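Coordinates in review
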Amino acid sequence: MRFRLTPRDVTFFDLLAASAGHLVTGADLLAQLIGAPPAERPPYAEQLKQSEHDADDSTHAIMRRLNQTFVTPFDRDDIYNLASSLDDCMDNMEAAGDLIVLYRVHELPEGVTEQVATLQRAAELTAAAMPKLRDMNEELTEYWIEVNRLENEADRTYRELLALLFQSPRYQESPAAVVEMFKLKGIIDVLEQAADSFEKVANFVETIVLKES
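Fair warning: this is a prediction, and the values are worked out from it, not measured in the lab.

1. What about the packing of aromatic side chains?
Evaluation of the coordinates by the stated rule reveals one aromatic pair. Measuring from ring centre to ring centre gives 6.2 Å for Phe 13 and Phe 74, while their planes differ by 50°; the resulting arrangement is tilted. Of this pair, Phe 13 sits in helix H1 (residues 11-35) while Phe 74 sits in the loop between helix H2 (41-68) and helix H3 (76-102), and the two are 61 residues apart along the sequence. In terms of burial, Phe 13 and Phe 74 fall into one category: buried.

Listed below in structure tokens is the structure:
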């Protein structure tokens, strides 16, 4: 890492770590929500919404600090992009949980469980990676490689779910079944967007590390 003559505001590392920590909570709540009977899902959705609000507060704290700090630990735009992409991860997970409750979906395809499990793993990896930005000498390559692999896995699951929805007679047998199909598609689309958001976080981390090395 290049030697710096100017002091850095290292508070950003703690703020980013806190922001990533909310993702683990959010992903776990989403997993509990989809595993619960339909009648028991609303409380999990409320907890997930609160977790999303907490994550928003963390993002706002980063943005405020960014506006108040002259010398940042790494590129100002990179901090902004990283904080925004962390926020997108939570927003998409909260949106998925909200849709499941609002749409009153009774039965979710098994692939949705796989999607959420992938998000849980990506959240854990992201939370573990953020503190390592404090010392760029720590190995972060494995983090972004694994998250990219998880996103590829999420893509495959997403395509399989789309094929199930559009090809299964179950979702074509009546107008109500077709409506159910489009509800499910909306949910799996948002879960796929969440996986994409985690990959964006990993890509920004890779960019930061390469710039600072």
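2. A closer look at unusual backbone geometry
Trans is the common state for peptide bonds, and a negative phi is the common state for residues other than glycine. One non-glycine residue, Arg 104, lies in the positive phi region at around 55°. Relative to the helices and strands, Arg 104 resides in the loop between H3 and helix H4 (110-129). For Arg 104, a relative accessible area of 66% gives the class exposed.

3. Concerning the environment of Asp 189
With respect to the helices and strands, Asp 189 occurs in helix H6 (residues 175-212). Relative accessible area serves as the criterion here: at 18%, Asp 189 is assigned to the buried category. Taking the C-alpha atoms as reference points, Asp 189 and Leu 161, separated by 28 residues in sequence, lie 10.0 Å from one another.

4. A word on the confidence of the model for the chain
Detailed conclusions should not be drawn from predicted coordinates in areas where pLDDT is low. Of all residues in the chain, 95% attain a pLDDT of 70 or more, and the chain-wide mean is 92. The low-confidence segment residues 1-7, where pLDDT is below 50, has 12 contacts with residues more than four positions distant or belonging to other chains.

5. Notes on the nonpolar core
Grouped together as the largest cluster of nonpolar side chains are 67 residues, with contacts concentrated most on Met 130, Leu 133, Tyr 143 and Val 205. Of all the secondary-structure elements, those providing two or more residues to this core are H1, H2, H3, H4, helix H5 (141-167) and H6. Element by element, the count of residues in this core is highest for H6, at 14 residues. The residues touching Val 205, leaving out its near neighbours within four places in the chain, are Leu 82, Met 130, Leu 133, Leu 140, Tyr 143 and Trp 144.

6. Focus: the pattern of salt bridges
Taken as a whole and assessed by the stated rule, the structure comprises eight salt bridges. Among the salt bridges present, the one from Asp 14 reaches Arg 134, with a minimum N-O distance of 2.7 Å. Here the residue Asp 14 occupies a position in helix H1, and Arg 134 occupies one in the loop between H4 and H5, the gap between them amounting to 120 residues. Across the pair Asp 78 and Lys 211 runs a salt bridge whose closest N-O atoms are separated by 3.0 Å. Taken together, the positions of Asp 78 in helix H3 and Lys 211 in helix H6 put the pair 133 residues apart, joining distant regions of the chain. When its relative accessible area of 43% is taken as the criterion, Lys 211 is described as partly exposed. Because the salt bridges share partners, they merge into one network encompassing Glu 146, Arg 149 and Glu 153.

7. What about the packing of H4 against H6?
Close contact between H4 and H6 brings their axes to 10 Å; oriented N to C, the two are set at 20°. When the axis of H4 is compared with that of H6, the two are roughly parallel. Crossing of H4 against H6: the hand is left-handed. From H4, Val 112, Gln 115, Val 116, Leu 119, Ala 122, Ala 123 and Thr 126 reach across to H6, where they touch Ile 188, Leu 191, Glu 192, Ala 194, Ala 195, Phe 198 and Val 201. A class-by-class count of the residues in the contact of H4 with H6 yields 11 nonpolar, two polar and one charged.

Conventions adopted
Residues numbered from 1 in each chain as written. Predicted model: local features only at pLDDT ≥ 70, side-chain atom pairs only at ≥ 80, totals over all residues. Heavy atoms only, no water. Phe/Tyr/Trp six-rings, centres within 6.5 Å; stacked < 30°, edge-to-face > 60°. Helix = DSSP H or I, 4+ residues; strand = E, 2+ residues; numbered from the N terminus. Buried < 20%, exposed > 50% of the residue type's maximum accessible area, 1.4 Å probe, protein only. pLDDT = per-residue confidence, 0-100. Contact = heavy atoms within 4.5 Å. Core = buried A, V, L, I, M, F, W, Y, C linked by side-chain atoms within 4.5 Å. Salt bridge = Lys/Arg side-chain N within 4 Å of Asp/Glu carboxyl O. Axes fitted to C-alpha atoms, helices over the stretch in contact; angles between N-to-C directions. Parallel < 35°, antiparallel > 145°, perpendicular 65-115°, else oblique. Left-handed = near helix turned anticlockwise from the far one by under 90°. Nonpolar A, V, L, I, M, F, W, Y, C, P; charged D, E, K, R; others polar.

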